[in-house]
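Below, each chain spelled out in residue letters.
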Amino acid sequence: MASTHDKAVLQTIFNPTSPFGDIPGLNQDEELNDDDSGFDTELLKQVKDLELQGVSAAEAGDLQAALQLFSQAIHILPQRASAYNNRAQALRLRGDTAGALEDLDQAISLSGGTGRTACQGLVQRGLLHRLAGKDDEARADFEKATALGSEFARQQAVILNPYAALCNKMLSEVINKMRDPVPEML
């Protein structure tokens with residue numbers, strides 16, 4: 001098994017934009033899950049089944065059915081974040097960005113900013129902010145999702161960091177000069 005130092009070196013080789021020693025997932029000992037312990041088990045089972053049906057409908061291209069199934073799940077357990085997150089994706093696919101943002105806000109709020117749904121919601125809201133040119137809001141969401149363990153969000157946060165972009169540009173210029181040195185004139 002590789003040591004922490006070995007992992008840091010490999011991370012730097014394969015992801016040169018990340019700082020040395022930054023090993024994604026190093027401190028993430030467990031899989032990210034939502035806390036569903038406060039919900040009635042029968043209702044929770046029913047809602048999870050509706051969400052799975054909704055995901056299947058969305059994957060099959062039937063967004064109207066997906067939206068109806070997610071809305072049913074929300075009606076049954078309105079304080080559970082997952083169905084809002086799933087419905088936001090169906091709304092986004094249908095082109096309703098404003099509706100998607102509302103549902104993502106609700107999902108993140110209900111999740112308390114923790115767990116799998118919060119992480120997914122933050123990443124998805126960050127992407128919508130980025131598409132709208134709201135880089136500061138996107139960066140804030142990506143940084144929160146990074147703290148929850150999202151590698152994708154970490155990469156997006158680095159890309160949106162103006163200091164990292166400047167350093168990457170300077171480093172790229174130095175490397176290019178080293179690869180193709182200009183001969184000195186005598």
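Structure's up top.
No experiment lies behind these values; they were computed from the predicted model shown.

### Concerning the packing of helix 4 (residues 81–94) against helix 5 (residues 97–111)
Move 1: Where helix 4 meets helix 5, the closest approach of the two axes is 8 Å, and the angle between their N-to-C directions is 165°. Comparing the axis directions of helix 4 and helix 5 gives the class roughly antiparallel. At the point where helix 4 passes helix 5, the crossing takes the left-handed sense. Residues Ala81, Tyr84, Asn85, Arg87, Ala88, Gln89, Leu91 and Arg92 of helix 4 form the contact with helix 5, whose own contacting residues are Gly99, Ala100, Asp103, Leu104, Gln106, Ala107, Leu110 and Ser111.
Move 2: Split by residue class, the contact of helix 4 with helix 5 holds eight nonpolar, five polar and three charged.

### Section: the pattern of salt bridges
Move 1: For the coordinates displayed, the defined rule picks out eight salt bridges.
Move 2: Between arginine 125 and aspartate 141 there is a salt bridge, with the nearest N and O atoms lying 2.7 Å from each other. A residue pair is termed long-range when its members are at least 10 positions apart, and arginine 125 in helix 6 (residues 115–131) and aspartate 141 in helix 7 (residues 135–147) qualify at 16 residues.
Move 3: On the basis of relative accessible area, arginine 125 is assigned to the buried category, the value being 14%.
Move 4: Taking the relative accessible area as the measure of exposure, aspartate 141 reaches 3% and is therefore buried.
Move 5: One salt-bridge network, in which partners are shared between bridges, spans Asp36, Lys48, Glu51 and Arg80.

### What to know about the layout of surface pockets
Move 1: Computed from the structure, the largest pocket encloses a volume of approximately 350 Å³.
Move 2: Considering the residues around the largest pocket, the lining is formed by 14 residues, among which Asp34, Glu51, Arg80, Ser82 and Arg116 are closest to the centre.
Move 3: Taken together, the elements giving at least two residues each to the lining of the largest pocket come down to helix 2 (41–59), helix 4 and helix 6.
Move 4: Take the lining of the largest pocket: its biggest share by element is four residues, from helix 2.
Move 5: A per-class count over the lining of the largest pocket returns two nonpolar, six polar and six charged.

### Structural notes on the packing of helix 3 (residues 63–76) against helix 4
In helix packing, the relevant descriptors are the interaxial angle and the interaxial distance, both defined with respect to the helix axes.
Move 1: Relative to each other, helix 3 and helix 4 sit at 155°, their axes nearing to 9 Å. In terms of orientation, helix 3 lies roughly antiparallel with respect to helix 4. The hand of the helix 3/helix 4 crossing is left-handed. Two secondary-structure elements touch here, helix 3 through Leu63, Gln64, Ala66, Leu67, Phe70, Ser71, Ala73 and Ile74 and helix 4 through Ala83, Tyr84, Asn86, Arg87, Ala90, Leu91, Leu93 and Arg94.
Move 2: Of the residues in the contact of helix 3 with helix 4, the class split is eleven nonpolar, three polar and two charged.

### What about helix 2?
Move 1: For helix 2, with 19 residues, the first-to-last C-alpha span of 27 Å sits near the 27 Å given by 1.5 Å per residue.
Move 2: Along helix 2, the residues that are buried comprise Leu44, Val47, Leu50, Glu51, Gly54 and Ala57. Down the axis of helix 2, the buried set is contained in an arc of 145°. They therefore lie on one face. Along helix 2, the residues that are exposed and aim more than 90 degrees away from the buried face are Thr41, Glu42, Lys45, Leu52 and Glu59.
Move 3: Buried-residue contacts for helix 2 involve helix 3 and helix 4.
Move 4: Its side-chain oxygen at 3.1 Å from the backbone nitrogen of glutamate 42, aspartate 40 defines the N-terminal cap of helix 2.
Move 5: Immediately beyond the C-terminal end of helix 2, within one or two residues, lies glycine 61, with a positive phi of roughly 90°.

Calculation rules
- Residues numbered from 1 in each chain as written.
- Predicted model: local features only at pLDDT ≥ 70, side-chain atom pairs only at ≥ 80, totals over all residues.
- Heavy atoms only, no water.
- Axes fitted to C-alpha atoms, helices over the stretch in contact; angles between N-to-C directions.
- Helix = DSSP H or I, 4+ residues; strand = E, 2+ residues; numbered from the N terminus.
- Parallel < 35°, antiparallel > 145°, perpendicular 65-115°, else oblique.
- Left-handed = near helix turned anticlockwise from the far one by under 90°.
- Contact = heavy atoms within 4.5 Å.
- Nonpolar A, V, L, I, M, F, W, Y, C, P; charged D, E, K, R; others polar.
- Salt bridge = Lys/Arg side-chain N within 4 Å of Asp/Glu carboxyl O.
- Buried < 20%, exposed > 50% of the residue type's maximum accessible area, 1.4 Å probe, protein only.
- 1 Å grid on protein atoms, 1.4 Å probe; cavity = no way out; pocket = protein on both sides within 12 Å on 5 of 7 lines; lining within 4 Å.
- Points joined across faces, edges and corners; volume = space filled by probe spheres on them.
- Expected span 1.5 Å × (residues − 1).
- Arc of directions from axis to C-beta.
- Polar contact = N/O pair within 3.5 Å; in protein donor to acceptor, adjacent residues only side chain to side chain.

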